[in-house]
Amino acid sequence: MNSKPEKFRKAKLRTLLLLIAAAAILGILLSGCVPTTSSQITINLSEAIALSKSGNIQNVVVNTSSGSMTIKAAVAGAPLSITDTNGNTVQVKDGDLLTTNIDSLNIADLQTMGFVLPADYSTNAASSGSSVGNILIVIIPLLLFVGLIWFLMRAGRSAQNQALSFGRSKARLISGDRPLVTFADVAGAEEAKEDLREVVEFLRNRHKFQDIGATIPKGVLLVGPPGTGKTLLARAVAGEANAPFFSVSGSEFVEMFVGVGAARVRDLFDQAKRNSPAIIFIDEIDAVGRLRSGAIPGSHEEREQTLNQILVEMDGFDPNIGVVVLAATNRVDVLDPALLRPGRFDRRVTLDRPNTAERGAILGIHAKGKKLDESVDLATIAKETHGFSGADLANLVNEAAILAVRRNKSSIGMEELEESIDRVIAGPERKSLRVNPRDRETTAYHEAGHALVARMLANVDPVHKISIVARGTMGGYTRLLTEDRYFMTASQFKDTLAVLMAGHAAEKMMFGEVSTGPHSDIRQATEIARRMVTDYGMSEKLGLRTFGRQPTSSYLGLGPAEEKDYSEEIAKQIDEEVHSITESAHQVATKVLHENKPRLIHIAEKLLVTETLEGPELEAAFTEPLSEKGDQTLKKSTTQETSGSASKN
Ligand code: ADP
Ligand code: MG
Ligand code: ZN
């Protein structure tokens, strides 16, 4: 390091500090000649904004150097009762002066936060007189301020100073400049909204709760799979409460240097407390809040310090100050129990994947402002999108809009929405892919097999669409119209397994051998069968118990996925049971296909011509009388292309 400029800078810093001290003394001396007001009511910025909206302000003096704003109240008739910063209710008469802490916000900032500026306003108390003292009060801090900024900007270029700014939180303040999100923008999730309404109520008028002596939870944990609207809901709480929203992501705390995360946490809470009532939102809290136990060394200590700081801050602040901490995670199982203790994140709001009605509502919200065709029926789309999250649905509507534009249409039609579902599930069509005739035929029989078995078995959802158009990594697919359900019965599992096995069974029956096509079906079937045995107690042989335990600690998913809590002998029995379940599912599929072989051929033949079957065409493929002709064409094509394969077994 170079020592000469270093000394130079230190000298400069010293003169600057001297200057500041001198100015401060001067300021204090001079402030004696400014008339002070007798009634000093200090209110929060949100209260000031509310007053401005209701037109209860005569004039405003904004003092950016001291970071405050003085408001002269306009009250016609009876005094107005408002809440001051201490949470007390005070009576405000016409002409009363109110002060508000505005930190470093300027008039433009205030306006974006919703402050309605009266016609009579001024900056920096210059209007109160033209005495030398007043001018000096305005000018000296201003000069100092400019000087300080200049100094900091210069110093900021050195690496040293960058290290200092590490400790500052990167929290983003979201206020009026963003389109406001309210509960109306969140569809479904009624229970979650109900739980959070209380928090909103608290932020809006704290003293009501304080009067009764009720304490509000400091921390609320939003739990749910990705894309179910956790971030959206947190922003909606801020929007509803009209409170500033400090948002930060857990992963932003995790830095290379030990101690930085902790400093950021401190800064974040300080910022929020200064702006109370306010909301702190920590997204992906699992990034810092994971269980503290033998994890990877190194990264571990920083995480722990950050987590400890969060715990300290949460314990430290008075619940009545009006700061509520919301946090979101999709892995509540890995969180440190210390975070979930009373006084911290002891409230939990769970968000789930939406059901059919909720999906319809979410689609409705995202279709707003987009031109939809008259043919569009969102309820049908909702039925077809089982398992989609809110984010998937938002994406779906947007994809459809883009498709409509690409097709030069003036509005979004049902075709675009249907196409987008396929895209979200399986990826875009791969039109350029040249599928050879043999593969195409294999795919057609494979998918026809799935569809036919699904149709013939009682405990399976109805078939909605069959396609042999290649998408993403799939050669083709069969889509069922899945219902909302909380439970699966053993017979539903068994029939589902038979449907999964049907692709393989059809290939085997028609061609005498199988391709690599069914590999993911088989994997999926094995997984289901294993869970039937080990998790759901659906095996009569092994009885009602679970096998295998989730490990209590696994950092970043390392280490074994499951702890074995059974003997080798049981392990062998589990394997046998899984095998027998998948085997009998395969037998069911084969039996159904053998009994309906002409129908299978009919569907596959149709698929080879039209590529996709859905709606009335699909229904016809299942029910229309079979012609001899269909059978004939098949025999011809199979003997041509698969010489030697036993298509009659
Ligand atoms: P998460 O934080 O749970 O991963 P987000 O809140 O970021 O999910 O959701 C992503 C997007 O999905 C939102 O911006 C919104 O457009 C959409 N979305 C999710 N859930 C809903 C919902 N319940 N209602 C309306 N839109 C939703
Ligand atoms: Mg999120
Ligand atoms: Zn398949």
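The paragraphs below set out a description of the structure included in this document.

Conventions used here
Residues numbered from 1 in each chain as written. Chains lettered and ligands numbered in written order. Predicted model: local features only at pLDDT ≥ 70, side-chain atom pairs only at ≥ 80, totals over all residues. Heavy atoms only, no water. Buried < 20%, exposed > 50% of the residue type's maximum accessible area, 1.4 Å probe, protein only. Helix = DSSP H or I, 4+ residues; strand = E, 2+ residues; numbered from the N terminus. Salt bridge = Lys/Arg side-chain N within 4 Å of Asp/Glu carboxyl O. Donors = N, O, S within 2.8 Å, 3.2 Å for Na, K, Ca; no water. Pairing = 2+ DSSP bridges. Axes fitted to C-alpha atoms, helices over the stretch in contact; angles between N-to-C directions. Near = heavy atom within 4 Å. Polar contact = N/O pair within 3.5 Å; in protein donor to acceptor, adjacent residues only side chain to side chain. Parallel < 35°, antiparallel > 145°, perpendicular 65-115°, else oblique. Left-handed = near helix turned anticlockwise from the far one by under 90°. Contact = heavy atoms within 4.5 Å. Nonpolar A, V, L, I, M, F, W, Y, C, P; charged D, E, K, R; others polar. Phe/Tyr/Trp six-rings, centres within 6.5 Å; stacked < 30°, edge-to-face > 60°. Expected span 1.5 Å × (residues − 1).

**Brief notes about the pairing of strand β9 (residues 219-223)**
Among the 5 residues of β9, 5 are classified as buried, and the element is accordingly described as predominantly covered. The alternating pattern of β9 places Gly 219, Leu 221 and Val 223 and Val 220 and Leu 222 on opposite faces, both of which are buried.

**A closer look at the pattern of salt bridges**
In this structure the tally under the stated criterion is 31 salt bridges. Across the pair Glu 240 and Arg 204 runs a salt bridge whose closest N-O atoms are separated by 3.8 Å. One end of the pair, Glu 240, is in helix α8 (residues 230-241); the other, Arg 204, is in helix α6 (residues 190-204), and 36 residues separate them in sequence. Classification of Glu 240 as partly exposed rests on a relative accessible area of 22%. Linking Asp 422 and Lys 465 is a salt bridge whose minimum nitrogen-to-oxygen distance equals 2.4 Å. With Asp 422 in helix α16 (residues 414-426) and Lys 465 in strand β14 (residues 463-467), this pair connects stretches of sequence that are 43 residues apart. Lys 465 carries the same exposure label as Asp 422, and that label is buried. Put simply, Glu 384, Glu 399, Glu 418, Glu 419, Asp 422, Arg 423, Lys 465, Arg 471, Arg 479 and Glu 614 are held in one network by salt bridges that share partners.

**Structural notes on the coordination of the zinc ion (ligand 3)**
Looking at the zinc ion (ligand 3), the protein donor atoms are His 446 (NE2), His 450 (NE2) and Asp 521 (OD), and they sit 2.0 to 2.1 Å from it. In terms of primary sequence, the donors binding the zinc ion (ligand 3) are separated according to H-x3-H-x70-D. A residue pair is termed a helical-turn pair when its members lie 3 or 4 positions apart in one helix, as His 446 and His 450 do in helix α17 (residues 437-456) at 4 residues. No difference in accessibility class separates His 446 from His 450, as the two residues are buried.

**Description of the sheet that holds strand β6 (residues 97-101)**
Spatially, 5 strands are ordered β1-β6-β3-β2-β7 in an open sheet, and the strand pairing comes out mixed. Across the chains shown, the open sheet's two edge strands, defined by having one partner strand only, are β1 (41-43) and β7 (121-123). Each strand axis lies, on average, 25° off the axis of its neighbour in the sheet, ignoring direction.

**Some remarks on the site of ligand 1**
Taken together, 15 residues are adjacent to ligand 1, and Ala 187, Gly 227, Lys 230, Thr 231 and Leu 232 come closest. Separating a nitrogen atom of ligand 1 from a backbone N or O atom of Ala 187 is a distance of 2.8 Å. Note that an oxygen atom of ligand 1 is positioned 3.3 Å from one of the backbone N or O atoms of Thr 228. Elements with a contribution of two residues or more to the shell around ligand 1: α8, α13 (356-367) and α15 (390-406).

**Here's the deal with unusual backbone geometry**
Residues apart from glycine generally show negative phi values, whereas peptide bonds are mostly found in trans. One non-glycine residue, Glu 284, adopts positive backbone phi at about 45°. Tracing the backbone through its elements, the reader meets Glu 284 in the loop between β11 (278-283) and α11 (286-289). Relative accessible area serves as the criterion here: at 40%, Glu 284 is assigned to the partly exposed category. Positive phi is not limited to glycine here, since Glu 611 has a value of about 70°. Overall, Glu 611 belongs to the partly exposed group, its relative accessible area being 33%.

**Quick notes on the packing of helix α19 (residues 519-534) against helix α20 (residues 568-595)**
Where α19 contacts α20, the axes come no closer than 9 Å and their chain directions differ by 125°. With respect to α20, the element α19 is oriented oblique. As α19 packs across α20, the resulting crossing turns out to be right-handed. Only Ile 574, Asp 575, Glu 577, Val 578, Ile 581 and Thr 582 of α20 make contact with α19, whose side of the interface consists of Ala 525, Thr 526, Ala 529, Arg 530, Met 532, Val 533 and Thr 534. Broken down by class, the residue content of the contact of α19 with α20 amounts to 7 nonpolar, 3 polar and 3 charged.

**Quick word on the packing of aromatic side chains**
Each aromatic ring pair is summarised here by two numbers: the centre-to-centre distance and the angle between the ring planes. What the rule picks out here adds up to 5 aromatic pairs. Residues Phe 547 and Tyr 566 carry aromatic rings whose centres are separated by 5.9 Å and whose planes lie at 80° to one another, so their mutual orientation is edge-to-face. Of the two residues, Phe 547 sits in the loop between α19 and α20 while Tyr 566 sits in the loop between α19 and α20, which places them 19 residues apart along the sequence.

**Description of α19**
Helix length check: α19, at 16 residues, gives a terminal C-alpha distance of 22 Å against a target of 22 Å (1.5 Å per residue), a fit within 8%. Residues of α19 that are buried include every one of Asp 521, Ala 525, Ile 528, Ala 529, Met 532, Val 533 and Thr 534, and no others. Where α19 is buried, its residues contact α17, α18 (490-511) and α20.

So yeah, pure geometry; function would need other evidence.
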